[in-house]
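Observations on chain architecture
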2 protein chains.
Amino acid sequence: MEKISKAVVSRLPRYYRYLEELRQQKIERISSKELSKLMNVTASQIRQDLNNFGGFGQQGYGYNVSYLYEEIGKILGLNQNHKMVIVGAGNLGRAIANYGNFKNRGFEITALFDQNQELIGKKTAEGEILDIKYLYDYVVEHNVDIVALTLPKGPAKEIADKLVACGVKAFWNFAHTDLGLPEDVLVENVHLSESLMRLTYRISEKTQK
Amino acid sequence: MEKISKAVVSRLPRYYRYLEELRQQKIERISSKELSKLMNVTASQIRQDLNNFGGFGQQGYGYNVSYLYEEIGKILGLNQNHKMVIVGAGNLGRAIANYGNFKNRGFEITALFDQNQELIGKKTAEGEILDIKYLYDYVVEHNVDIVALTLPKGPAKEIADKLVACGVKAFWNFAHTDLGLPEDVLVENVHLSESLMRLTYRISEKTQK
């Protein structure tokens, strides 16, 4: 497959989300025009984006929702199973473990880890919370692909470094810091406070108008 | 003040985060070169970005950390108080309430709301969880600026519509849906599953290389 531009890739999860909803509503076909209305983007943008993958749409006939959903899922790597552990079993870690429809999308959250003695051993809906001292052996033994870091910035960097030494290649980072890991390690940051600041910026900009 | 480009604005929260750390470390001055090394962006990018606000840096002398921190904070609207309520008092809502350093940044989380009878009345570190039926009167009486929606997509849209009718002008939306609100209402979306899909895309892209 040809290399897809970053801009298109960044839009795929949103397509995937809408297609999932359509599928749940048992809608089998949708035209670029209808999808455009629903998603509030132009129909020509949709056609251009989806043309990258070729052959999904037919003129005057629309897109096959299930097919497109599956194909975009494959491009997003969602046809593969991903083993994930969560480091930090506080509210955020448990929220992440419960968020979305992980199992149906090929994510398997195999364990949560924490250093807080009050949490260790607790059984949650997502499994038992384990002592962080077992984390490093665990990721090796269980071939963990993705580590979600839902812990304060203080220990995050050190833990991430150790996990990289254990072979972990992908992090979903909620800690309020940049991890500064080697270039071949993938990091997707969710800096929530930055998102909130973008909102307050826009509030302040509007007030000054 | 001149209109600052979106690209620059989108980088400001990250500057703010680094400056906050420097401040906590009692560092008074920093050169664009040092800041560049720390943030892993070019010194020329930093100079260009910060030149937008004028007068923060002095040649050969560096930036005054506290001053720059305060000024960027003002631009980001963090010098104003923001009253926020959280709708959805599950793990995610409580995680958000605890996240970061809200109080020091002018955010006041005045209440959490939920419709779950088991949660209503519970006292958390962030205050009592109130019945969602009081939400609409509450936002009017307390002049709430920002509503964080940390609840499933099902009810999110209807609740947001009602809040807009009550005069709420800014949402921090974690619900797994686009709210489709009027254009003068500000919405900052945090679609966590989209962030995770960007990660799995990159994993899958790397595997195929």
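Structural data are supplied above this passage.
Described in the following lines is the structure provided in the data block. Worth saying up front: this structure is predicted, and the values here are computed from it rather than measured.

1. A look at the overall build of chain A
- Counting its secondary structure elements, chain A contains 8 helices and 10 strands.
- Dimensions along the principal axes, computed over C-alpha positions, put chain A at roughly 60 × 50 × 35 Å.
- The buried share of chain A, reckoned over its 209 residues, is 52%.
- Pairs at least 24 residues apart make up 54% of the contacts formed inside chain A by residues separated by at least 6 positions.

2. Focus: the sheet that holds strand E9 (residues 170–173) of chain B
- Strand order in the open sheet formed by 7 strands is E6-E7-E5-E4-E8-E9-E10 (chain B), and the pairing between neighbours is mixed. Lying at the two open borders of the sheet, with one neighbouring strand each, are strand E6 (123–124) and strand E10 (186–189) of chain B.
- Sheet contacts for helix H8 (residues 192–208) of chain A: strand E4 (82–87), strand E5 (107–114), strand E8 (146–149), E9 and E10 of chain B; angle to E10 of chain B, the most-contacted strand, approximately 165°.
- This element, helix H7 (residues 153–165) of chain B, spans E4, E8 and E9 of chain B of the sheet and lies at about 170° to E8 of chain B.

3. A word on the interface of chain A and chain B
- Chain A puts 60 residues into the contact, and the matching count from chain B is 60 residues.
- Taken together, the two surfaces of chain A and chain B that pack against each other cover about 5,700 Å², and 60% of this comes from carbon and sulfur.
- A per-residue breakdown of the area chain A buries against chain B is headed by Tyr99, Met197 and Tyr201 of chain A, which together make up 12% of the total.
- Scanning the region where chain A abuts chain B turns up 12 salt bridges.
- Among the ionic pairs, Asp178 of chain A bridges to Arg14 of chain B, the shortest N-O distance being 2.8 Å.
- Here the residues of the side of chain A that touches chain B sort into 29 nonpolar, 13 polar and 18 charged.

4. Here's the deal with the environment of Val65 of chain B
Residues and elements named next belong to chain B.
- Considering the arrangement of structural elements, one finds Val65 in helix H4 (residues 65–75).
- Judged by relative accessible area, which is 0%, Val65 ranks as buried.
- Here Val65 is in contact with Leu19, Leu22, Arg23, Ile27, Glu28, Arg29 and Ile30, once residues within four sequence places are set aside.

5. Focus: the pairing of strand E9 (residues 170–173) of chain A
Residues and elements named next belong to chain A.
- Here E9 shows two buried faces, one formed by Ala170 and Trp172 and the other by Phe171 and Asn173.
- Two elements, strand E8 (residues 146–149) and E9, share 4 bridges in a ladder whose sense is parallel. Residue Ala148 lies in a different strand from E9, and its bridge partner there is Trp172.
- As judged from the 4 bridges shared by E9 and strand E10 (residues 186–189), these two strands associate in the parallel manner. If you follow Ala170 over to E10, its bridge partner there is Leu186.

6. Things to note about the pattern of salt bridges
- Taken as a whole, this structure holds 22 salt bridges over all chains when the rule is applied.
- Between Arg23 of chain A and Glu70 of chain A there is a salt bridge, with the nearest N and O atoms lying 3.3 Å from each other. On the criterion of sequence distance, the pair formed by Arg23 of chain A in helix H1 (residues 6–24) and Glu70 of chain A in helix H4 (residues 65–75) is long-range, its members being 47 residues apart.
- Notably, a salt bridge pairs Arg202 of chain B with Glu188 of chain A, separated by 3.7 Å at the nearest N-O pair. Remark: Glu188 of chain A occurs in strand E10 and Arg202 of chain B occurs in helix H8 (residues 192–208); the pair is interchain, linking two chains.

7. Some words on the relation of the copies chain A and chain B
- Rotating chain A by 180° about the axis while translating it 0.0 Å along that axis superimposes it on chain B, leaving an RMSD of 0.0 Å. Such a turn and shift between the copies fits a two-fold axis. Taking the C-alpha atom as reference, chain A places Asn91 of chain A closest to the rotation axis, 2.4 Å from it.
- A share of 100% of the interface residues of chain A reappears at the interface of chain B, consistent with the copies meeting face to face through the same patch.

8. Focus: the side chain of Ser193 of chain B
- As for its position among the elements, Ser193 of chain B is in helix H8.
- In contact with Ser193 of chain B, not counting residues within four places along its chain, are Tyr99 and Arg105 of chain A together with His176 of chain B.

9. Things to note about the layout of surface pockets
- Space inside the largest pocket adds up to approximately 1,700 Å³.
- Val187, Glu188 and Asn189 of chain A together with Arg198 and Arg202 of chain B are, among the 47 residues lining the largest pocket, the residues nearest its centre.
- Those elements that place two or more of their residues in the lining of the largest pocket are H1, E10 and H8 of chain A together with helix H1 (6–24), helix H2 (32–39), E10 and H8 of chain B.
- At 8 residues, the largest contribution of residues to the lining of the largest pocket is made by H8 of chain B.
- For the lining of the largest pocket, the residue count by class is 18 nonpolar, 11 polar and 18 charged.
- There is about 910 Å³ of room inside the second largest pocket.
- Along the wall of the second largest pocket there are 27 residues; nearest its centre are Arg202 of chain A together with Lys6, Val187, Glu188 and Asn189 of chain B.
- Where the lining of the second largest pocket is concerned, the elements lending two or more residues are H1, helix H2 (32–39) and H8 of chain A together with H1 and E10 of chain B.

10. Overview of unusual backbone geometry
All names here are of chain B.
- Residue Asn40 is not a glycine yet carries a positive backbone phi of 60°.
- The topology assignment puts Asn40 in the loop between H2 and helix H3 (43–51).
- Of note, Asn143 is a non-glycine position whose phi angle comes to about 50°, a positive value.

11. Points about the packing of H1 of chain A against H2 of chain A
Residue and element names in this part refer to chain A.
- Between H1 and H2, the least distance of the axes is 11 Å, while the angle of their chain directions is 105°. Taken together, the axes of H1 and H2 are roughly perpendicular relative to one another. Every residue of H2 that contacts H1 at Arg14, Tyr15, Tyr18 and Leu22 is listed here: Leu35, Leu38 and Met39.
- In terms of residue class, the contact of H1 with H2 is made up of 6 nonpolar, no polar and 1 charged.

The rules behind each value
Residues numbered from 1 in each chain as written. Chains lettered and ligands numbered in written order. Predicted model: local features only at pLDDT ≥ 70, side-chain atom pairs only at ≥ 80, totals over all residues. Heavy atoms only, no water. Helix = DSSP H or I, 4+ residues; strand = E, 2+ residues; numbered from the N terminus. Buried < 20%, exposed > 50% of the residue type's maximum accessible area, 1.4 Å probe, protein only. Contact = heavy atoms within 4.5 Å. Pairing = 2+ DSSP bridges. Axes fitted to C-alpha atoms, helices over the stretch in contact; angles between N-to-C directions. Buried area = accessible area lost by both parts, 1.4 Å probe. Salt bridge = Lys/Arg side-chain N within 4 Å of Asp/Glu carboxyl O. Nonpolar A, V, L, I, M, F, W, Y, C, P; charged D, E, K, R; others polar. Least-squares fit on C-alpha atoms with pLDDT ≥ 70 in both. 1 Å grid on protein atoms, 1.4 Å probe; cavity = no way out; pocket = protein on both sides within 12 Å on 5 of 7 lines; lining within 4 Å. Points joined across faces, edges and corners; volume = space filled by probe spheres on them. Parallel < 35°, antiparallel > 145°, perpendicular 65-115°, else oblique.

Geometric descriptors of this kind do not, in isolation, establish any biological role.
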